[in-house]
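# Reading the structure
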Amino acid sequence: MFRVIALELLLLLLPFIGYGFYLYFSRIDPTKRESWINSPLYWLSIAGLLLMIAGFILTATFSGAPPDATYTPAQMRDGQIEPGHLD
């Protein structure tokens with residue numbers, strides 16, 4: 001679960017990180033307030049949200065068990081719990 005949350009947060013922050021690299025490599029001082037006030041924060045936020053939504057959709061589409069899998073619930077065998085699994 002932590003991996004999924006970390007991936008989605010990275011996708012959300014990716015446009016801002018890219019803009020920070022742009023400011024750094026274009027010799028604009030990123031610590032000055034003017035470089036971030038005049039920045040396209042609105043568009044960076046929209047791009048981050050679109051990347052995050054795309055990440056959610058792709059994760060839901062391409063992860064998990066196949067559609068024809070059968071769930072076998074957890075069982076008690078020889079005094080030990082055998083966890084549930086998909087066959």
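The rules behind each value
- Residues numbered from 1 in each chain as written.
- Predicted model: local features only at pLDDT ≥ 70, side-chain atom pairs only at ≥ 80, totals over all residues.
- Heavy atoms only, no water.
- Helix = DSSP H or I, 4+ residues; strand = E, 2+ residues; numbered from the N terminus.
- Polar contact = N/O pair within 3.5 Å; in protein donor to acceptor, adjacent residues only side chain to side chain.
- Contact = heavy atoms within 4.5 Å.
- pLDDT = per-residue confidence, 0-100.
- Expected span 1.5 Å × (residues − 1).
- Buried < 20%, exposed > 50% of the residue type's maximum accessible area, 1.4 Å probe, protein only.
- Arc of directions from axis to C-beta.
- Phe/Tyr/Trp six-rings, centres within 6.5 Å; stacked < 30°, edge-to-face > 60°.
- Salt bridge = Lys/Arg side-chain N within 4 Å of Asp/Glu carboxyl O.
- Patch = residues over 30% accessible without salt bridge, like charges linked within 9 Å, V, L, I, M, F, W, Y side chains within 5 Å.
- Areas by Shrake-Rupley, 256 points an atom, 1.4 Å probe, with all protein chains shown as cover.

### Let's talk about the side chain of T72
With respect to the helices and strands, T72 occurs in strand 1 (residues 71-72). Within the structure, the side chain of T72 is placed 2.8 Å from the side chain of D87, a separation counted as a polar contact. Residues within four places of T72 in sequence aside, it is in contact with G84, H85 and D87.

### Quick word on the confidence of the model for the protein chain
Here the protein chain shows a mean pLDDT of 86. Residues at 70 or above account for 89%. Ranking the elements of the protein chain by mean pLDDT puts helix 2 (residues 33-37) last with 66 and strand 3 (residues 80-82) first with 93.

### As for helix 3 (residues 41-62)
Taking 1.5 Å per residue, 22 residues should reach 32 Å; helix 3 reaches 31 Å between its end C-alpha atoms and fits that length. By the burial criterion, the buried members of helix 3 are L44, G48, M52 and G55. Seen end-on, helix 3 carries its buried residues on one side only, within an arc spanning 75°. Across from the buried face of helix 3, at angles greater than 90 degrees, the exposed residues are Y42, W43, L50, I57, A60 and T61. Considering only its buried residues, helix 3 is in contact with helix 1 (2-25).

### Describing the packing of aromatic side chains
One pass over the structure, following the stated rule, counts three aromatic pairs. With a centroid separation of 5.1 Å and 75° between ring planes, the pair formed by Y42 and W43 is classed as edge-to-face. Like Y42, the residue W43 is exposed in the burial classification.

### A look at the pattern of salt bridges
Within the structure shown, the criterion is met by one salt bridge. For R77, the salt bridge is made with E82, and the minimal N-O distance between the two is 3.5 Å. For R77, a relative accessible area of 48% translates into the label partly exposed.

### Re the environment of Y19
Turning to its location among the elements, Y19 is positioned in helix 1. Along the backbone, Y19 and S39 are 20 residues apart, and their C-alpha atoms lie at a distance of 8.7 Å.

### Some words on a nonpolar patch on the surface
Taken together, the side chains of L7, L10, L13, L14, I17, F21, Y24, F25 and L51 define a hydrophobic patch exposed on the protein surface, amounting to about 880 Å² of accessible area. Among the elements that make up the nonpolar patch, the one with the highest residue count is helix 1 (eight residues). Looking at where L13 falls in the secondary structure, it is placed in helix 1. Judged by relative accessible area, which is 44%, L13 ranks as partly exposed.

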